[in-house]
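Coordinates in review
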Amino acid sequence: MHKYKVNQWIFTLLIPIFMLIIAFVFDFALMFIQNMRVELTTKRIIKETLISSKEDYYENIKEEFEKYKISTEALTVQYNEDDEDLTIYNSHPYTSFFGKLIGINHYRCEVGFVGHKEGENIIIKEVHDE
């Protein structure tokens, strides 16, 4: 009988620990997918904006982010006409799925990219500072 009680305790302890690990792996995967989505959208917006000849860069970029349901509360857009550089910084919050178990309600994705037009080519580099 003693052997079965030990197995029951091990089973009772391991299942919740295993479930927590699965939950945090799921949240990490969700965070990775959201970060990639925002990064790819930002790069696409930079390419489209530098190719087109639109005047109001901020409003056009803001509309594009909102079209893909990405928050624009922290959106910063700078365009340098002399160098034809377009800098976009955005911080997008999204809801934590299992992080709420330990008090993390939201995660935040921050992206910063500079696009530069050289002839027909557009070169995009990541910026780590705002």
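In this report, we go over the structure that sits alongside the text. (Residues numbered from 1 in each chain as written. Predicted model: local features only at pLDDT ≥ 70, side-chain atom pairs only at ≥ 80, totals over all residues. Heavy atoms only, no water.)

With that settled, the discussion passes to the pattern of salt bridges. If you walk through the whole model with that rule in mind, you get four salt bridges. In this structure, Arg44 engages Glu64 in a salt bridge whose closest nitrogen and oxygen atoms are separated by 3.4 Å. One end of the pair, Arg44, is in helix H1 (residues 2-51); the other, Glu64, is in helix H2 (residues 57-67), and 20 residues separate them in sequence. For Glu64, a relative accessible area of 18% translates into the label buried. Residues joined by salt bridges that share partners form a network here, namely Arg44, Glu48, Glu64 and Lys67. (Salt bridge = Lys/Arg side-chain N within 4 Å of Asp/Glu carboxyl O. Helix = DSSP H or I, 4+ residues; strand = E, 2+ residues; numbered from the N terminus. Buried < 20%, exposed > 50% of the residue type's maximum accessible area, 1.4 Å probe, protein only.)

A few words on the pairing of strand S1 (residues 76-80). Pairing between S1 and strand S2 (residues 85-95): five bridges, direction antiparallel. Along S2, the bridge assignment pairs Tyr79 with Leu86. Here S1 hands over to S2 after four residues, with Glu84 in that stretch at a positive phi of 55 degrees. (Pairing = 2+ DSSP bridges.)

Here we take up unusual backbone geometry. Even without a glycine there, the phi angle at Lys69 is positive, about 60 degrees. Note that Lys69 resides in the loop between H2 and S1. Here Lys69 falls in the exposed class, since its relative accessible area comes to 70%.

Where two aromatic rings form a pair, the distance of their centres and the angle of their planes describe that pair. In the structure shown here, the tally under the stated rule is two aromatic pairs. With a centroid separation of 4.2 Å and 25 degrees between ring planes, the pair formed by Tyr57 and Tyr79 is classed as stacked. In this pair, Tyr57 sits in helix H2 while Tyr79 sits in strand S1, placing the two residues 22 residues apart along the sequence. With a centroid separation of 6.2 Å and 45 degrees between ring planes, the pair formed by Tyr94 and Tyr107 is classed as tilted. Pair noted here: Tyr94 is in strand S2 and Tyr107 is in strand S3 (residues 106-118), with a separation of 13 residues, a long-range link. Overall, Tyr94 belongs to the buried group, its relative accessible area being 7%. (Phe/Tyr/Trp six-rings, centres within 6.5 Å; stacked < 30°, edge-to-face > 60°.)

Once that is clear, we can look at the nonpolar core. Counting 18 residues, the largest nonpolar core has Ile46, Ile61, Phe65, Leu75, Val77, Leu86 and Ile88 as the members making the most contacts within it. Every element with two or more residues in this core is listed here: H1, H2, S2 and S3. With residues near it in sequence (within four places) discarded, Leu75 still touches Tyr58, Ile61, Lys62, Phe65, Ile88, Tyr89 and Asn90. (Core = buried A, V, L, I, M, F, W, Y, C linked by side-chain atoms within 4.5 Å. Contact = heavy atoms within 4.5 Å.)

Another aspect to go through is a negative patch on the surface. On the surface, a cluster of negative charge is made up of Glu55, Asp56, Glu59, Glu63, Glu66, Glu81, Asp82, Asp83 and Glu84. Residue placement: Asp83 occurs in the loop between S1 and S2. (Patch = residues over 30% accessible without salt bridge, like charges linked within 9 Å, V, L, I, M, F, W, Y side chains within 5 Å. Areas by Shrake-Rupley, 256 points an atom, 1.4 Å probe, with all protein chains shown as cover. Lys, Arg positive; Asp, Glu negative; His and termini not counted. Charge placed at Lys NZ, Arg CZ, Asp CG, Glu CD.)

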